[in-house]
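Structural overview for review
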Amino acid sequence: RSVKISSVRLLDSKNQLLLTLVKLRRNLSYQDLAYRFGVSISTVQTVFTTKVRILHYILFLNFMNTIPSREKNKLFVPKCFEPYRNTRIVLDCTEIECDIPKNMEKQKIMFSGYKGRTTFKYEVGCANNGAVTYCSPGYPGSTSDKSIIQHSGILNHLIAGDLILADKGFLIADIIPQGVSLNIPSFLANPKFTDNEIVQSRKNSRARVHIERVNERLKRFLIIKHISHKLFASCDILVQLCCALINLQNPILGECQEFFKSC
């Protein structure tokens, strides 16, 4: 039976949360959501804007304000991380497509040569169990990985003995704190890799691939598939909230699911 959009009724807290999660995941239009929930478009906008900020405060600012220590990470170490038991964080950068700014200077700094379009760039990190433990503010698409590492403040969380796993684009060995180790894939210096380099590269890839799976899950939240001009101001909140919501899904690693069941 059709529902009159004009008949505004107050949504209870559960439906407000459901509306917000549906908008984040499926990015349905405000008009569509207004019809589905039987409220006005202005009510949908108010509920979504308010709930997103509340969830961001609770799930991201409260629970992801610091990076878990390597001792905490060692409480559960998957097999692929056995060679890297001191891993504090696995890092990667992900880019999110956005509208082209009207300002020419902004167009220049937001254009990503890698993606071939204007983007926002985020640095995302996970623990060895696949849990998302870090998400930086957004940066223009032309920003280098090294510059983001320097500016984001993540290095302030690291202490001697910690290990960072990252892609080969993270040439940050000269800026990481003393005593912190960096493991990235080997560069081809000779005509071909040695047997030992191949083995080490495969071990690194088996562990590092899980941050790629995190980024894949992040892109499934269609609200951030393409950032429109209207969402520029709230882009960081949306991306960071979606990172936090990944931790409420099934674990990235199958080993973790069995571990949690046994507990």
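Report on the accompanying structure. (Residues numbered from 1 in each chain as written. Predicted model: local features only at pLDDT ≥ 70, side-chain atom pairs only at ≥ 80, totals over all residues. Heavy atoms only, no water.)

Quick word on the pattern of salt bridges
Tallied over the full model, the rule gives ten salt bridges. Asp-145 is the partner of Lys-121 in a salt bridge, and the nearest nitrogen-oxygen pair spans 2.9 Å. Pair noted here: Lys-121 is in strand β3 (residues 117–126) and Asp-145 is in helix α6 (residues 145–152), with a separation of 24 residues, a long-range link. A salt bridge links Glu-216 to Arg-220; the nearest nitrogen and oxygen atoms lie 3.3 Å apart. A relative accessible area of 44% places Glu-216 in the partly exposed class. A cluster of three or more residues bridged by salt bridges with shared partners is formed by Arg-70, Glu-71, Arg-88 and Asp-162. (Salt bridge = Lys/Arg side-chain N within 4 Å of Asp/Glu carboxyl O. Helix = DSSP H or I, 4+ residues; strand = E, 2+ residues; numbered from the N terminus. Buried < 20%, exposed > 50% of the residue type's maximum accessible area, 1.4 Å probe, protein only.)

Comments concerning the side chain of Glu-95
Residue placement: Glu-95 occurs in strand β1 (residues 87–97). Buried charge Glu-95 goes without a salt bridge, the closest partner of opposite sign being Lys-121 at 4.6 Å. There is a polar contact of 2.7 Å between the side chain of Glu-95 and the side chain of Ser-112. A polar contact is formed between the side chain of Glu-95 and the side chain of Thr-119, at a distance of 2.7 Å. If we skip the residues at most four places from it in the chain, Glu-95 touches Ser-112, Tyr-114, Lys-115, Thr-119, Phe-120, Lys-121, Gly-141 and Lys-219. (Lys, Arg positive; Asp, Glu negative; His and termini not counted. Polar contact = N/O pair within 3.5 Å; in protein donor to acceptor, adjacent residues only side chain to side chain. Contact = heavy atoms within 4.5 Å.)

Regarding the packing of helix α3 (residues 41–61) against helix α8 (residues 235–246)
Two numbers describe how α3 lies on α8: the axes approach to 9 Å, and their chain directions differ by 55°. The pairing of α3 with α8 is recorded here as oblique in orientation. Here α3 and α8 pass one another in a crossing that is left-handed. Taking contact as the criterion, the partners of Phe-48, Val-52, Arg-53, Leu-55, His-56, Leu-59 and Phe-60 in α3 are, on α8, Ile-237, Leu-238, Gln-240, Leu-241, Ala-244 and Leu-245. (Axes fitted to C-alpha atoms, helices over the stretch in contact; angles between N-to-C directions. Parallel < 35°, antiparallel > 145°, perpendicular 65-115°, else oblique. Left-handed = near helix turned anticlockwise from the far one by under 90°.)

Observations concerning the nonpolar core
For soluble globular proteins, nonpolar side chains are generally found buried alongside one another. Membership of the largest hydrophobic core comes to 54 residues, with the highest contact counts inside it found for Leu-24, Ile-223 and Ile-224. For this core, the element with the most residues is α8, which contributes ten residues. Among the nonpolar cores identified, the runner-up in size contains 17 residues, and Ile-67, Ile-89, Ile-154 and Ile-164 belong to it. (Core = buried A, V, L, I, M, F, W, Y, C linked by side-chain atoms within 4.5 Å.)

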